[in-house]
Amino acid sequence: MSDILKGVDDHFDPTGTDQHAPGAKMDGGKPLAGLLLDFGLALEAVAELGTFGAKKYSRGGWQSVPDGIQRYEDAMMRHMLKVRTEKIDPETNLPHLYAVAWNSLALLELAIRERDESRTGESQ
(Lines give C-alpha, C1' and ligand atoms only; values in the text may rest on other atoms or scores of the structure.)
Protein backbone atom coordinates (compact mmCIF):
# COMPACT_ATOMS: atom_id res chain seq x y z
CA MET A 1 0.00 0.00 0.00
CA SER A 2 1.34 3.45 -0.86
CA ASP A 3 2.02 6.01 1.85
CA ILE A 4 -0.76 8.16 0.36
CA LEU A 5 -3.37 5.51 1.19
CA LYS A 6 -1.82 4.45 4.49
CA GLY A 7 -4.44 4.81 7.25
CA VAL A 8 -7.33 5.60 4.87
CA ASP A 9 -9.24 2.51 6.00
CA ASP A 10 -9.01 3.71 9.61
CA HIS A 11 -11.32 6.65 8.92
CA PHE A 12 -14.95 6.97 7.89
CA ASP A 13 -17.61 9.55 7.14
CA PRO A 14 -19.44 10.06 10.45
CA THR A 15 -22.70 10.74 8.59
CA GLY A 16 -22.50 7.38 6.83
CA THR A 17 -21.97 8.92 3.40
CA ASP A 18 -20.11 6.64 1.02
CA GLN A 19 -16.54 7.79 0.63
CA HIS A 20 -16.95 8.29 -3.13
CA ALA A 21 -20.26 10.19 -2.89
CA PRO A 22 -20.33 13.99 -3.17
CA GLY A 23 -20.00 15.62 0.24
CA ALA A 24 -18.16 12.72 1.84
CA LYS A 25 -15.52 13.62 4.41
CA MET A 26 -13.53 10.77 5.90
CA ASP A 27 -12.86 12.45 9.24
CA GLY A 28 -14.60 9.97 11.53
CA GLY A 29 -12.13 8.39 13.94
CA LYS A 30 -9.70 11.31 13.70
CA PRO A 31 -8.85 13.48 16.71
CA LEU A 32 -11.25 16.36 17.33
CA ALA A 33 -8.53 19.00 17.06
CA GLY A 34 -11.12 21.77 17.36
CA LEU A 35 -11.37 20.85 21.04
CA LEU A 36 -8.20 22.87 21.51
CA LEU A 37 -10.35 25.96 21.01
CA ASP A 38 -11.95 25.14 24.37
CA PHE A 39 -8.61 26.20 25.84
CA GLY A 40 -8.23 29.43 23.87
CA LEU A 41 -7.43 31.59 26.89
CA ALA A 42 -4.91 29.10 28.25
CA LEU A 43 -3.22 28.66 24.88
CA GLU A 44 -3.03 32.43 24.46
CA ALA A 45 -1.37 32.63 27.90
CA VAL A 46 1.16 29.99 26.88
CA ALA A 47 1.84 31.92 23.66
CA GLU A 48 2.39 35.09 25.70
CA LEU A 49 4.94 33.35 27.91
CA GLY A 50 6.52 31.71 24.86
CA THR A 51 6.86 35.11 23.21
CA PHE A 52 8.73 36.39 26.25
CA GLY A 53 11.09 33.41 26.03
CA ALA A 54 11.59 33.80 22.27
CA LYS A 55 12.56 37.45 22.74
CA LYS A 56 14.85 36.68 25.68
CA TYR A 57 16.58 33.75 23.96
CA SER A 58 15.58 32.75 20.42
CA ARG A 59 12.45 31.48 18.74
CA GLY A 60 12.53 27.70 18.83
CA GLY A 61 15.82 27.61 20.70
CA TRP A 62 14.21 25.65 23.55
CA GLN A 63 14.24 22.58 21.30
CA SER A 64 18.04 22.45 21.39
CA VAL A 65 18.60 22.82 25.14
CA PRO A 66 20.86 19.96 26.34
CA ASP A 67 19.03 17.62 28.73
CA GLY A 68 15.84 19.50 27.86
CA ILE A 69 13.45 16.98 29.36
CA GLN A 70 15.07 17.16 32.78
CA ARG A 71 15.60 20.92 32.67
CA TYR A 72 12.04 21.77 31.59
CA GLU A 73 10.67 19.39 34.20
CA ASP A 74 12.75 21.21 36.83
CA ALA A 75 11.58 24.61 35.55
CA MET A 76 7.95 23.46 35.59
CA MET A 77 8.30 22.29 39.18
CA ARG A 78 10.02 25.51 40.29
CA HIS A 79 7.11 27.53 38.93
CA MET A 80 4.60 25.10 40.43
CA LEU A 81 6.17 25.55 43.85
CA LYS A 82 6.03 29.35 43.48
CA VAL A 83 2.30 29.41 42.62
CA ARG A 84 1.25 29.16 46.28
CA THR A 85 3.39 32.01 47.53
CA GLU A 86 3.92 34.24 44.50
CA LYS A 87 1.24 34.47 41.80
CA ILE A 88 3.25 36.67 39.41
CA ASP A 89 6.76 35.82 38.22
CA PRO A 90 8.80 38.99 38.73
CA GLU A 91 11.00 38.23 35.71
CA THR A 92 8.17 37.91 33.16
CA ASN A 93 5.48 39.86 35.03
CA LEU A 94 3.16 36.98 34.10
CA PRO A 95 1.52 34.40 36.36
CA HIS A 96 3.69 31.44 37.30
CA LEU A 97 0.90 29.19 35.99
CA TYR A 98 1.70 30.40 32.46
CA ALA A 99 5.24 29.07 32.91
CA VAL A 100 3.94 25.81 34.42
CA ALA A 101 1.83 25.25 31.31
CA TRP A 102 4.58 26.28 28.88
CA ASN A 103 7.19 24.06 30.53
CA SER A 104 4.71 21.18 30.64
CA LEU A 105 4.10 21.50 26.89
CA ALA A 106 7.85 21.73 26.18
CA LEU A 107 8.42 18.65 28.32
CA LEU A 108 5.62 16.76 26.58
CA GLU A 109 6.83 17.76 23.11
CA LEU A 110 10.40 16.66 23.82
CA ALA A 111 9.25 13.39 25.40
CA ILE A 112 7.06 12.55 22.40
CA ARG A 113 9.87 13.38 19.99
CA GLU A 114 12.26 11.19 21.98
CA ARG A 115 9.76 8.34 22.00
CA ASP A 116 9.16 8.64 18.25
CA GLU A 117 12.88 8.85 17.59
CA SER A 118 13.50 5.67 19.55
CA ARG A 119 10.74 3.90 17.61
CA THR A 120 12.09 4.86 14.20
CA GLY A 121 15.77 5.02 15.09
CA GLU A 122 15.99 8.28 13.16
CA SER A 123 16.71 11.85 14.17
CA GLN A 124 13.69 14.15 13.85
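Here we summarise the structure given alongside this text. Remember, predicted model here, so these are calculated numbers, not experimental data.

Quick look at the overall build of the protein chain
Looking only at helices and strands, the protein chain has 3 helices and 2 strands in total. Listing every helix and strand of the protein chain by position from the N terminus yields α-α-β-β-α. Relative to the 2.2 N^0.38 estimate, which gives 14 Å for 124 residues, the radius of gyration of the protein chain is 20 Å and therefore markedly larger than a compact globule would have. Dimensions along the principal axes, computed over C-alpha positions, put the protein chain at roughly 60 × 35 × 25 Å. Scored against the burial criterion, the 124 residues of the protein chain give a buried share of 18%. Of the contacts made within the protein chain by residues no fewer than 6 positions apart, 44% connect residues no fewer than 24 positions apart.

As for the pattern of salt bridges
Between side chains of opposite charge, a pair can form when the charged atoms approach closely. Tallied over the full model, the rule gives 3 salt bridges. Its salt-bridge partner being Glu91, residue Lys56 comes within 2.2 Å of it at the nearest N-O pair. Placement of Lys56 in helix α1 (residues 40-56) and of Glu91 in the loop between β1 (88-89) and β2 (94-95) is noted, with a sequence separation of 35 residues between them. Judged by relative accessible area, Lys56 falls into the partly exposed class, the value being 41%.

Observations concerning the packing of helix α2 (residues 68-83) against helix α3 (residues 96-120)
In contact at an axis separation of 8 Å, α2 and α3 are set at 160° when each is read in the N-to-C sense. Comparing their axes, α3 and α2 come out roughly antiparallel. Helix-helix and strand crossings are classified by hand; for α2 and α3 the assignment is left-handed. Contact with α2, carried on its side by Gly68, Ile69, Tyr72, Glu73, Ala75, Met76, His79, Met80, Lys82 and Val83, involves His96, Leu97, Ala99, Val100, Trp102, Asn103, Ser104, Ala106, Leu107, Leu110, Ala111 and Glu114 of α3 and no other residues of that element.

Here we look at the packing of aromatic side chains
In this structure the tally under the stated criterion is 3 aromatic pairs. Ring centres 5.8 Å apart and planes at 80° place the aromatic pair Trp62 and Trp102 in the edge-to-face group. Linking Trp62 in the loop between α1 and α2 with Trp102 in helix α3, this pair joins segments that are 40 residues apart in sequence. Residue classification places Trp102 among the buried residues on the basis of a relative accessible area of 18%. Each residue in the set Trp62, Tyr72 and Trp102 is aromatic and connected to the rest through ring pairs, giving one cluster.

About the criteria used
- Residues numbered from 1 in each chain as written.
- Predicted model: local features only at pLDDT ≥ 70, side-chain atom pairs only at ≥ 80, totals over all residues.
- Heavy atoms only, no water.
- Helix = DSSP H or I, 4+ residues; strand = E, 2+ residues; numbered from the N terminus.
- Rg over C-alpha atoms; globule rule 2.2 N^0.38 Å.
- Buried < 20%, exposed > 50% of the residue type's maximum accessible area, 1.4 Å probe, protein only.
- Contact = heavy atoms within 4.5 Å.
- Salt bridge = Lys/Arg side-chain N within 4 Å of Asp/Glu carboxyl O.
- Axes fitted to C-alpha atoms, helices over the stretch in contact; angles between N-to-C directions.
- Parallel < 35°, antiparallel > 145°, perpendicular 65-115°, else oblique.
- Left-handed = near helix turned anticlockwise from the far one by under 90°.
- Phe/Tyr/Trp six-rings, centres within 6.5 Å; stacked < 30°, edge-to-face > 60°.

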